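Each chain is listed here by its residues.
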Amino acid sequence: MAMITIVEQFPVLIVTTGVFSGYTILLAGLVNRKSCFYIFLSVVFAHLIMALFILHHVLTVGPIHYWLGGWRPPWGIEYVVFELNAYILVILLILSLMSGIHSKRSIEHEIEERKHVTFYTLFQLLVAGLCGVVVTGDAFNMYVLYEIVALTAYALIASPGGKALRASYNYLVMGSVGICFYLLGVAFLYTVTGSLNMGDLSILLSLLYGSKLVHAAFILILVGLGIKMALFPFHTWLPDAHPAAPSPISAMLSGIVIMVGFYALIRVLFTFFPPYYNYGLILLILGLLSMTVANLFAYFQNDLKRLLAWSTIVNMGIIVTGAGVAAYIISTLPEPITAIPEAATLAMAGALLHILSHGMGKALAFLGSGNIHGSLHTRELSKMGGVGRDMTFTGYSMSVGLLSLLGLPPLIGFWSKFLIIMAVAMAIQSVGGVVILATFFILLFNVIYAATYYLKVVRVLMIESGAARTHEAPFPMVFSVVVFALICLIGGLFLPIPLIRLAGSAALAILGGAI
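Notes on the structure in this doc start here. (Residues numbered from 1 in each chain as written. Predicted model: local features only at pLDDT ≥ 70, side-chain atom pairs only at ≥ 80, totals over all residues. Heavy atoms only, no water.)

## So, the side chain of S195
Then step 1. Take S195: it is sitting in the loop between helix 6 (163-193) and helix 7 (198-204).
Then step 2. Accessibility expressed as a relative area gives 3% for S195, which makes it buried.
Then step 3. One polar contact links S195 to D200, side chain to side chain, over a distance of 2.9 Å.
Then step 4. Setting aside anything within four residues of it in sequence, one finds S195 in contact with P74, Y190, D200, L201 and L204. (Helix = DSSP H or I, 4+ residues; strand = E, 2+ residues; numbered from the N terminus. Buried < 20%, exposed > 50% of the residue type's maximum accessible area, 1.4 Å probe, protein only. Polar contact = N/O pair within 3.5 Å; in protein donor to acceptor, adjacent residues only side chain to side chain. Contact = heavy atoms within 4.5 Å.)

Laid out in structure tokens, this is it:
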């Protein structure tokens, strides 16, 4: 392996130091419980700086290939970072940092003090596992790292105790089924190729697409990761699990954890399997059904966190629909494919930009609900009338986040939805057919319908009355929601073109079969 620069070592450093920091937090907490937060925050901040350097390197120099232990792939594990996962890595660590800052005060009223050390230990391991899933270039290593994510998530959801234990158990059962399906699919691919390296698999599988084992692997991986992403009809665990968790963990689960599942899905599908498998149509069906069913449930929720959880399924549906449109357009092209159509790139770019816009807006909303719960000790919307007028920073920040999720221009959420809708409109012209036409109208209906309950929440928080008089949340909790609100505002007002270009680069990389 050629001499590598320090930046090219950052991916493996992020994962390894993240894991070791988890154990450091556990040991340090035995001596000084308050040190756990500061160790976590320092590590995540350092990792975010590394991720920004990685993104710059990938955009200016090219992809990073790191062989663990110097073992050449496919014999050894390879970490591969290109435009897509470098982009996801930065989003992941921004969310982790802000959620961590919020947790300094929010867990005081959500988790018993004796659990604070284990909370930060698990939180650190969760972040490290997520980073590992994103940067690995090995299909089995992705399973191992996803298990770290899953096990820590189960424990973090259960940490408040009470009803959270049942929600965590349901997630454990469904998550275990999902990851077993993925593992079995990878095992089938290994049986026919003898390799687990993603780059190697993409080459070897090109000669084996007629194999029944490859067909079975495709189905198993799709269903397994579909469960992890809470796509309909595998979504039943999410509306219980996400609200039950402490607010910073709810923000992580809805903002990025299930989005890493989406990353894993498109990484595998677009790298391993050809367009004639027609998974574009499958993704369209799953995405449209997910957003439609979840929208119908979301509107009637009185529990704010539960409403936001259903909204997460809606937005996952939007993202999957964007990816489905891209894959469907490509599947209509004659072989060999020489160029990616503009509409396909635009659809995938919209889906990837929506990961950013939804992540920031949804994390803001969950953290804001934690601020309100800390002051009013309720999650019922009917008891929150006008609370945003007393909790000024929280109220206005939440309003910005909810309006961004709604897709109101010029907030960042508008641009991601606009790109996907524009891509579908372009596909009507270039591809045509009942599938694309139906996708356009169902997508448009769901975007408009979702606006009704986002506006309802804003109205309750800022206009109605009835909530008990209260005060603003502590500074760390306010700081996090204000930062997210500024990202939604500044990203939409001043940075839409750079962000769209970044998402477009990531889209081209994955649609072109980047490994």
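## Observations concerning the side chain of S106
Then step 1. Within the secondary structure layout, S106 lies in helix 3 (residues 83-110).
Then step 2. Those residues in contact with S106 that sit more than four places away from it in its chain are P248 and M477.

## A look at the packing of helix 2 (residues 35-60) against helix 3
Then step 1. Two elements in contact, helix 2 and helix 3, have axes separated by 9 Å at closest approach and are oriented at 160 degrees. Relative to helix 3, helix 2 is oriented roughly antiparallel. The two elements helix 2 and helix 3 cross, and the hand of that crossing is left-handed.
Then step 2. Split into classes, the residues belonging to the contact of helix 2 with helix 3 amount to 21 nonpolar, four polar and two charged. (Axes fitted to C-alpha atoms, helices over the stretch in contact; angles between N-to-C directions. Parallel < 35°, antiparallel > 145°, perpendicular 65-115°, else oblique. Left-handed = near helix turned anticlockwise from the far one by under 90°. Nonpolar A, V, L, I, M, F, W, Y, C, P; charged D, E, K, R; others polar.)

## Points about the pattern of salt bridges
Then step 1. Counting across every chain of the model gives eight salt bridges.
Then step 2. Among the ionic contacts, a cluster of salt bridges with common partners joins E112, R114 and K115. (Salt bridge = Lys/Arg side-chain N within 4 Å of Asp/Glu carboxyl O.)

## As for a nonpolar patch on the surface
Then step 1. A grouping of L486, L489, I490, L493, F494 and L495 is seen on the molecular surface, where their side chains present a nonpolar patch of about 540 Å² in accessible area.
Then step 2. Note that L486 resides in helix 18 (residues 475-493). (Patch = residues over 30% accessible without salt bridge, like charges linked within 9 Å, V, L, I, M, F, W, Y side chains within 5 Å. Areas by Shrake-Rupley, 256 points an atom, 1.4 Å probe, with all protein chains shown as cover.)

## Thoughts on the nonpolar core
Then step 1. One finds Y182, I256, F262, M348 and L352 to be the most contacted residues of the largest nonpolar core, which totals 195 residues.
Then step 2. Apart from the residues lying within four places of it in its own chain, the contact partners of Y182 are A139, M142, Y143, L220, I221, G224, L225 and V268. (Core = buried A, V, L, I, M, F, W, Y, C linked by side-chain atoms within 4.5 Å.)

## Some points on the packing of aromatic side chains
Then step 1. Applying the stated criterion to the full structure yields 24 aromatic pairs.
Then step 2. Ring plane angle 75 degrees and centroid distance 5.1 Å describe the contact between F37 and Y38, whose orientation is recorded as edge-to-face.
Then step 3. Overall, the relative accessible area of 7% leaves F37 in the buried class.
Then step 4. Residues F37 and Y120 carry aromatic rings whose centres are separated by 6.1 Å and whose planes lie at 65 degrees to one another, so their mutual orientation is edge-to-face. Of this pair, F37 sits in helix 2 while Y120 is found in helix 4 (residues 116-135), placing the two residues 83 residues apart along the sequence. Each of the two residues, F37 as well as Y120, counts as buried.
Then step 5. Put simply, the rings of F37, Y38, F40, F119, Y120 and F123 pair up and form one aromatic cluster.
Then step 6. Sitting over the face of the ring of Y299, K456 holds its NZ or CZ atom 4.8 Å from the ring centroid. (Phe/Tyr/Trp six-rings, centres within 6.5 Å; stacked < 30°, edge-to-face > 60°. Lys NZ or Arg CZ within 6 Å of the ring centre and 35° of its normal.)

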